[in-house]
Structure formats: C-alpha cells, structure tokens
Amino acid sequence: MLLKNSLVQKGLALCLILIPPVLFGFIFQKYAINIPHWDDLAVRNSLADFLTSDSFFNKVRILFAQHNEHRIFLTRIFALFIFFLKGTLDLKLLMLLGNLSLIGILMILYRFRSHNHSALITLVPISFLLFNSGLYENMFWGMAAVQNFWVIFLAFLSFYILIYSYDKPTKTYFSITIATCFLGIFTSSNGILIPIIGTTILLFQKRYRELTAWVVPSVLFLFLYFFQYQSSPDKVSSFNFSSIPIIVKGFLAVTGNAIDLSFLSPNKHLDLSMATGVIILIIIGLFSFQVLFSKYNIRQRNNDLFLLSCLMFLVITCLGIAIGRISYGIEVLLTSKYKINSILILCISYLIILNSLVKQKQKKVITIAILLSIGFNFYTYLAEFQHIVYLRHERITDQFKIQYSDKEMPANGIYAQLQRPVPTFYDSLLPDLLSAKDSVQTQINILENESGFILTDKQSGTLDVSSADAGQYIILRSAQNIYLFPCKIFTQASFQLKDYINIGFLFKNQLKLGSFVCDFTKFYIQSGTYQIGIVRVENEQSVVTFTNQSINIQAIQKQKPKQNW
C-alpha cells in the first residue's frame, strides 16, 4: 500500500512538472513566426558569409567573430545545422533549439535532486517558475534564445559535472566539462565566468591535481575569446563610474526582476524588484557564509557548492547587465530579455530555504511554493499576453516594411535562400491595400509628438483572439509609399486584470475592447501625406477600411548605433 501511494505521488508530481513545459510549448507554437528580428539579421549575414566563403580559415573566423561584446559561436553552429537540415534559415526552429535549453536546466536540477535526496515534488514550483510567459522576448527571438538560455544551461552543466566528478575515477567527466566550458564561453560574454568559477570550485574542493588540467584549457579559451577583441563602438553603452548609485539600483532591479507587478501597478514595479533583489542578496550572503566557512558533511557541502556556483554565475551576470546597459535607462534592465537570471535565482533561493528546514516543515513550504508558483505562472500569462501578441504582429509588419515599404526583401542569391517571406494575412489583401478605396468617416484620435504619432481608435464590444494574428493594424498610404503598423489592444476596465479573469477570455477567447493604439516613429518613413487605413483581423478574416483622415510626415533619419557586426 505504501509503495502504491508512493507511485501515485510520484506520478502526480511528474504530471505537475510537465504541465508548464507543455503550456509553454503550446504558446510558442501559436505565436512564434519565422521572421528575423534585429540581431537575427546578423546571424543571417554571418551564415551567408560562411556559405559563400571558399577559405577554411575564413569560415572559422566567421564562426567565432565578435557580435557586440559576445562571440556567438553556438548560435552560428545551430544556424548552420538548420541550413543543412532545411536549406534555409528557419528562425522558428532556432528559437525552438534555444528554448530546449530550459528543459536541460530542469533536467540538471532533477539530477541535483537525487544527490540532495529530495522528493520529486520539490521540482514542481521550479517548473512553474521556469516555464513562464515572462520570458517572451527570448522565447520568440532566435538569436537571443540560444545566447541567453544556452549559456546558463552550459554553465550549470559545467558546474554540475565538475563538482560531482569529485570522487569519480574516470577522466570522461572532466573532458565533458571542459567541452561545455568552451561552448559556454563562445555562446555569450558571461560564459567567461565558467572557467573562473570552475577554478574556484577545484580550489575549494582541494583538487589540486586536476587544477592544471582545468586551468590550461581555460586560459587558452579566454585567450581565444579576447584575441583581437574590440570594445563596443556604441558610446551609449559605455560605463560611467559617476553613476554607481544608479548601477546599484539597477543591479538590485535585475536581480529581483522575477517579481513583476507592472501589469497591476506600473509605478511600483521598480521598487518591488529592488526590494526583492535586496531580500535575495541577503539569502545569498547568508548561504555563502555557510558554504564557505561551516564544516559539515562533504556530500551535502558539494550539493550546496553546486547551488552557490550557479548563484554566483547568475548574480555576477546581473551585475554585468546593470553595468553594461544602465546607460540606456534603468527601465531597460526590467525587460523580459534579462528575466531568466532572476527567475533562476528565485528557484535556487527556494531550494536553499527548503534545505535549511527540517523534514516536517519542508512539506508545508513545498505546498505553499506550489500554490504560489502556479499563481505566478498564470499571472505572467495574463500580464504578458498582449506583449506576446504584439511581438508577433510587430514581426509581421516588419516583414511588410521590407517587402513593400522599402522593397528590400532579397530576391535572389544566398540571402534570398536564407530569408524567405513568410505567408501572412496581408498577402491576400494587397490589391485592397495598394488600390484606391472610398473613405469612411471615423474618429481616430491623432497625437503627434517630436519623434512620431500615436493613433487611438476607441472601440467597444469584444475581439475574438483565437487567431494569433487577431487584432487591428494601421495602414499609412501615400501616392508613392505604403506602411503597415500593429496596434496595441487596451481593454475597457481601468484595472486591466479584470478583463482577463473572466469566462469570456479564459474559455472563449473573447477580449473586451477599450481601444486600439498604434504608436510609431517617423524614423525611416519617407516624407509625404499619408491616408490612414485600418486592417481588422478576426476569425481568420481580414477587412480593409480607409478613413477620411490623413497625416503629414516629415521624414527623420535616425542615426544607427555603431556596431562591430
């Protein structure tokens, strides 16, 4: 009977652990789209250079070439793999490969659980925290998904193998961790922490015989990383020592960014993240003192050493992000792109607190953690739903701009092979978009600012959001040019969460409308008088309407930031 109960508990725990990755995969499949975004174009360009180069040494140089402060070797290898697999650069597949590293991180923590003799149910809160919609920027961005997720997976894997090969006679473990160290360094710039933390681990474990075997290749890898290294040519991202108080605030905010209440109270988001960062750093400080200075069982100490190593990697990464990006504004540090570090710090802090409790109290803490993590996962989906939808719509309109506004879609050669237009809803609308149509009386509110326009179309009723492309888009058409922009959806209630926690949205995909808002800049839009049109997409149907309103745009040429790629 006890065995049966144990199997039932393990089965229930496993089901709960698998629910978040399945939901994460469903959201990914629905909203991911094979359209390049920012640095994805750099991946495309380097892949094109690699494929057209006849020199072996030049191909190697391209794979290891610098990208900002990073060397994205692994991203380029994945892109090359996708090309040989599909004959093109499928960015949705690149995103998928990047997101799979989250499964790898969960598997490492699963293996850690066996060393720590913890119940399987311990991992349930971690799964709900790790696979959440708050990671949407990396989740739907091919280059960033590989860079920002894989470097953490490779760091955790390196520390895990290094620490738990403590009493292993075979050298295979050591060889594997050197390989993962190499890949980590050449995945993202914070990968250079892996050999440094790895050296500290060996010194702490007094494995002096293996130290040389680790340090020699590590020094070689770091030398290769910094060989002909160029500092960022973008002066905006330069570090200013006079802004140390702001950097401290930014560091606390990045560290505590997992707790995000911007959907409920935007004005309190920064304060709450900073407060969370302070609490987490106190926990880390106390835990570090215990690991470094307390004497206890060697196996338990190795378990704690693994958690501490992972924490050091994540915390120093957060510090690097704060230093490197604070010049863009502290709000940049609170974006989804950097949230994975804070999420994992929260997961490890949970394990630390759990391990500090007696068995009787652990069960209560796990139960509370499960309930809180489920609520957290559900909340992040509601809070980020609009961001996920808008990100997809933004990619679609980016492709429209390349195809029909700028007419720069590659038509032949290697670039055309790597970047093929994705079929979208606007393909069937081109005759209506390009030809003259009778206008209708509307009351779109037009607000012009220094850099662009904000167009607000107040609505009532509901929008069926079953389709990933459902929503409203703004057309700007002049005699010579045409542009398409996405709209953000604002609901009726002043307290937005109210319009998401209801049967209509949760079970029928019906979202109550308040207004559609299109916010765009004048940068890269040609001068002219533009008639305003609307594309409404709903229930797999698209309707084009041109209004009797127009705007006059005087083009502003934005200076592109300097890049080393």
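See above for the structure.
Positions within a chain are numbered from 1, following the residues in the order the chain's sequence is written. Thresholds applied to this predicted model are a pLDDT of at least 70 for local features of residues and 80 or more for the giving and counting of side-chain atom pairs; totals over whole chains, interfaces and linings are not thresholded and use all residues. For the side-chain quantities, the full set of heavy atoms in the structure was used; hydrogens and water were omitted.

Enquirer: How do you make sense of a nonpolar patch on the surface when you look at a structure like this?
Expert: A cluster of nonpolar side chains, contributed by Leu96, Leu100, Ile103, Met107 and Tyr110, occupies part of the molecular surface with about 410 Å² of accessible area. Relative to the assigned elements, leucine 96 resides in helix H5 (residues 91-116). Within the patch definition used here, like charges are joined within 9 Å and nonpolar side chains (Val, Leu, Ile, Met, Phe, Trp, Tyr) within 5 Å, considering only residues with over 30% relative accessible area and no salt bridge. Accessible areas in this description were obtained via Shrake-Rupley with a 1.4 Å probe; residue shielding takes into account the shown protein chains only. Just to be clear on terms, a salt bridge is a Lys or Arg side-chain nitrogen sitting within 4 Å of an Asp or Glu carboxyl oxygen. Only DSSP runs of H or I reaching four residues or more are called helices, and only runs of E reaching two or more are called strands; each is numbered from the N terminus.

Enquirer: Sorry if this is basic, but what is going on with the sheet that holds strand S12 (residues 528-538) here?
Expert: Spatially, five strands are ordered S3-S13-S12-S7-S8 in an open sheet, and the strand pairing comes out mixed. Strand pairing shows two members of the sheet lacking a second neighbour, strand S3 (439-440) and strand S8 (482-486), which therefore form its edges. Where S12 lies against strand S13 (residues 541-553), ten bridges are found, and the strand directions are antiparallel. Paired with threonine 529 across the bridge in S13 is asparagine 552. Any two residues having at least one pair of non-hydrogen atoms within 4.5 Å are treated as being in contact. A fitted line through C-alpha atoms represents every axis, and for helices the fit uses only the stretch in contact; the resulting angles, taken between N-to-C directions, go from 0 to 180 degrees. Running at roughly 175 degrees to S8, helix H16 (residues 359-405) makes contact with strand S7 (471-477) and S8 of the sheet. By this definition, two strands are paired if DSSP reports at least two bridges between them.

Enquirer: Quick question: what am I supposed to make of the sheet that holds strand S9 (residues 488-490) here?
Expert: Hydrogen bonds between backbone atoms are what pair the strands of a sheet, whose relative direction is either parallel or antiparallel. Ordered in space as S4-S5-S11-S9, the four strands form an open sheet in which the pairing is antiparallel. Lying at the two open borders of the sheet, with one neighbouring strand each, are strand S4 (445-448) and S9. Adjacent strand axes in the sheet meet at a mean angle of 20 degrees when their direction is disregarded. The sheet contact formed by strand S5 (residues 452-458) and strand S11 (residues 515-521) spans seven bridges and is antiparallel. Each bridged residue has a counterpart across the sheet, and for phenylalanine 453 the counterpart in S11 is phenylalanine 520.

Enquirer: When you look at unusual backbone geometry in this model, what are you seeing that I'm missing?
Expert: If a residue is not glycine, its phi is most likely negative; likewise, a peptide bond is most likely trans. At lysine 407, a position not held by glycine, the phi torsion is positive, near 55 degrees. Looking at the element boundaries, lysine 407 is found in the loop between H16 and helix H17 (413-418).

Enquirer: Quick question: what am I supposed to make of the packing of aromatic side chains here?
Expert: For any pair of aromatic rings, the description consists of the separation of the ring centres together with the inter-plane angle of the planes. Planes of paired rings set the category: under 30 degrees apart is stacked, over 60 is edge-to-face and the rest tilted, where pairs are Phe, Tyr or Trp rings (Trp by its six-membered ring) whose centres lie within 6.5 Å. Using the criterion set out here, one finds 40 aromatic pairs in the structure. On the basis of an interplanar angle of 45 degrees and a centroid distance of 5.1 Å, the ring pair of phenylalanine 182 and phenylalanine 186 is categorised as tilted. We classify phenylalanine 182 as partly exposed; its relative accessible area is 21%. Residues phenylalanine 400 and tyrosine 426 carry aromatic rings whose centres are separated by 5.0 Å and whose planes lie at 85 degrees to one another, so their mutual orientation is edge-to-face. Of this pair, phenylalanine 400 sits in helix H16 while tyrosine 426 sits in the loop between H17 and helix H18 (430-434), placing them 26 residues apart in sequence. Assessed through its relative accessible area of 1%, phenylalanine 400 is described here as buried. For every residue, the accessible area (1.4 Å probe, protein chains only) is compared with the maximum for its type, and the residue is labelled buried under 20%, exposed over 50%, or partly exposed between those bounds. Residue classification places tyrosine 426 among the buried residues on the basis of a relative accessible area of 0%. Through pairs of rings, three or more aromatic residues link up here, namely Phe64, Phe73, Phe182, Phe186, Phe221, Tyr225, Phe226 and Tyr229. In this arrangement the basic side chain of lysine 59 is found over the ring face of phenylalanine 50, its NZ or CZ atom lying 4.3 Å from the centre. Only when the NZ atom of a Lys or the CZ atom of an Arg is both within 6 Å of the ring centre and within 35 degrees of the ring normal do we say a charge sits over the ring.

Enquirer: Explain the side chain of asparagine 302 here, please?
Expert: Relative to the helices and strands, asparagine 302 resides in helix H14 (residues 298-325). The class for asparagine 302 is buried, based on a relative accessible area of 8%. Dropping the residues within four chain positions of it, asparagine 302 is found in contact with Ile163, Tyr164, Tyr166 and Gln205.

Enquirer: What exactly am I supposed to notice about the state of the cysteines here?
Expert: Simply put, the disulfide is a covalent bond whose two ends are the sulfur atoms of two cysteines. Cysteine sulfurs are considered disulfide-paired once they come within 2.5 Å of each other. Applying the stated rule across the entire model yields zero disulfides. Counting only cysteine sulfurs, cysteine 518 is the nearest neighbor of cysteine 487, a cysteine outside any disulfide, at a range of 4.7 Å.

Enquirer: In this structure, what is going on with the packing of helix H10 (residues 193-204) against H14? I would like to understand it.
Expert: A packed helix pair is summarised by two numbers, namely the angle formed by the two axes and the spacing between the axes. For the pair H10 and H14, the least separation of the axes is 11 Å and the interaxial angle reads 155 degrees. Here H10 is positioned roughly antiparallel relative to H14, judged by the angle of their axes. In this structure, the crossing between H10 and H14 has a hand that is right-handed. Facing Leu193, Ile194, Ile197, Ile201 and Phe204 of H10, the residues of H14 in contact are Arg301, Leu305, Ser309, Met312, Phe313, Ile316 and Thr317. Across the contact of H10 with H14, the residue classes tally to nine nonpolar, two polar and one charged. Note that the term roughly parallel is reserved for angles under 35 degrees, roughly antiparallel for angles over 145, roughly perpendicular for angles of 65 to 115, and oblique for everything else. Handedness of a crossing follows from how the near helix is turned relative to the far one, being left-handed for an anticlockwise turn of less than a right angle and right-handed for a clockwise one. Each residue is assigned to one of three groups, with Ala, Val, Leu, Ile, Met, Phe, Trp, Tyr, Cys and Pro labelled nonpolar, Asp, Glu, Lys and Arg labelled charged, and all others, Gly among them, labelled polar.

Enquirer: Explanation requested: the side chain of aspartate 40 in the structure shown.
Expert: Tracing the backbone shows aspartate 40 in helix H2 (residues 40-52). Salt bridges are absent for the buried aspartate 40, whose nearest opposite-charge side chain, arginine 395, sits at 5.3 Å. With residues near it in sequence (within four places) discarded, aspartate 40 still touches Ile35, Leu91, Trp141, Gly142 and Met143. Charge convention: Lys and Arg are scored as positive, Asp and Glu as negative, and His as well as the terminal groups of each chain are ignored.

Enquirer: Please clarify how the packing of helix H15 (residues 339-355) against H16 should be interpreted in this entry.
Expert: Two elements in contact, H15 and H16, have axes separated by 10 Å at closest approach and are oriented at 165 degrees. The orientation of H15 with respect to H16, classified from their angle, is roughly antiparallel. In terms of crossing hand, the pair formed by H15 and H16 is right-handed. Taking contact as the criterion, the partners of Lys339, Ile343, Tyr350, Leu354 and Asn355 in H15 are, on H16, Gln362, Val365, Ile366, Ala369, Phe376 and Glu384. Counted by class, the contact of H15 with H16 contains seven nonpolar, two polar and two charged residues.

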